[in-house]
Amino acid sequence: MSGHNKWSKIKRKKGASDLQKAKAFTKISREIAVAVKAGGADLGNNARLRDIMVKARSANIPSDNVLRSIKKASGEVASIHYESIVYEGYGIGGVAVIVETLTDNKNRTAGEVRHIFDKYGGSLGATGCVSYMFETKGVIVIEREKIKAMDEFMLQCIDFGADDFVEDESECVIYTKPNALGQVRDGIEALGLSFVSAEVERVPSNTAAMSESQQERFETMLEKFEENDDVQNVYHNAE
């Protein structure tokens, strides 16, 4: 299993600024709007909405703000027209990249995504050109220092439904089947542990190396995607 390969470290480094928090809230508000339209505003009956609440908490977004967004979305369901579009392409050096978006103007979003790819040495590809290189999994990230007895913790996670683990000096990553994410996450919370993130993600089956200069340009491209309000998630297979 390859390591946790999403751009989470970049997100965490940048996440302290008010601007980044505002952008994170904008993205989560869109997810809330889509979730409410699809399954209603009752948290007890809408698992996707519960997952978004957890995601917002991990991003340090106040629960009152999230609840207001749910209430607002409930009153605007008829006027909500966000469309989920996934773009696939290549970063500099041929690295595989998947960009997930929620947009109310797909022509605008397509143009902006293509522009970012082109500007930083990549290229937008056809649907399916790189998605076969990724598996969809539940991914839970916990700071390593919070786990006192790793062997015992792993056994507990397996009982909750976890499939695999990767750890290093700074973090432990738990992988689950997509539909088991909630129960594993709830089990970990019941142990009194908090996490950096807990989401369904696209995990690369293999990784691609790049030079130091390519990596710098590639990370700039990821940051530009992050800054775009239409972009919800970006996945890649760069080492």
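For clarity, every value in this text was computed on a predicted model and none was experimentally measured. Here the residue numbering is sequential within each chain, running from 1 through the sequence in written order. Totals for whole chains, interfaces and linings use all residues, but because this is a predicted model, local features are given only for residues with pLDDT of at least 70 and pairs of side-chain atoms are given and counted only at 80 or more. Side-chain measures here rest on the full set of heavy atoms in the structure, leaving out hydrogens and waters.

Engineer: Can you break down the nonpolar core residue by residue, with the values?
Structural biologist: Soluble, globular proteins show a tendency: their nonpolar side chains are buried together. To define a nonpolar core, start from buried Ala, Val, Leu, Ile, Met, Phe, Trp, Tyr and Cys residues and group those joined through side-chain atoms within 4.5 Å. For every residue, the accessible area (1.4 Å probe, protein chains only) is compared with the maximum for its type, and the residue is labelled buried under 20%, exposed over 50%, or partly exposed between those bounds. If you look at the biggest cluster of nonpolar residues, it comprises 20 residues, and the most contacted ones within it are Val97, Val99, Phe117, Phe218, Met221, Phe225 and Val234. In DSSP terms, a helix is any run of H or I states spanning at least four residues, a strand is any run of E spanning at least two, and both are numbered starting from the N terminus. At 4 residues, helix α8 (residues 212–227) tops the list of elements feeding residues into this core. Contacts are residue-level and defined by heavy atoms, with any inter-residue pair within 4.5 Å sufficient. Dropping the residues within four chain positions of it, Val99 is found in contact with Ile85, Val86, Tyr87, Phe117, Phe225, Val231, Asn233 and Val234. Ile142, Phe153, Cys157 and Ile188 belong to the second largest nonpolar core, which has 18 residues in total.

Engineer: Can you lay out the sheet that holds strand β7 (residues 197–204) for me, pointing to particular residues and giving the numbers?
Structural biologist: The strand order across the open sheet formed by 4 strands is β5-β6-β4-β7, and the pairing between neighbours is antiparallel. A strand with exactly one partner marks an edge of an open sheet, and here the two such strands are β5 (164–167) and β7. This sheet shows a mean twist of 30 degrees between the axes of neighbouring strands, independent of strand direction. At least two bridges found by DSSP between two strands is the condition for calling them paired. Two elements, strand β4 (residues 134–143) and strand β6 (residues 171–176), share 6 bridges in a ladder whose sense is antiparallel. Paired with Ile140 across the bridge in β6 is Ile174. In this analysis an axis means a line fitted to C-alpha atoms, helices contributing only their contacting stretch, and an angle means the value between N-to-C directions, from 0 to 180 degrees. Running over the sheet, helix α7 (residues 181–190) touches β4, β6 and β7 and is turned about 10 degrees from β4.

Engineer: Explain the environment of Glu189 to me, and be specific about the residues and the numbers.
Structural biologist: Relative to the helices and strands, Glu189 resides in helix α7. Placed 17 residues apart in sequence, Glu189 and Asn206 show a C-alpha to C-alpha distance of 30 Å. Excluding anything up to four places from it in sequence, Glu189 contacts Arg57 and Phe195.

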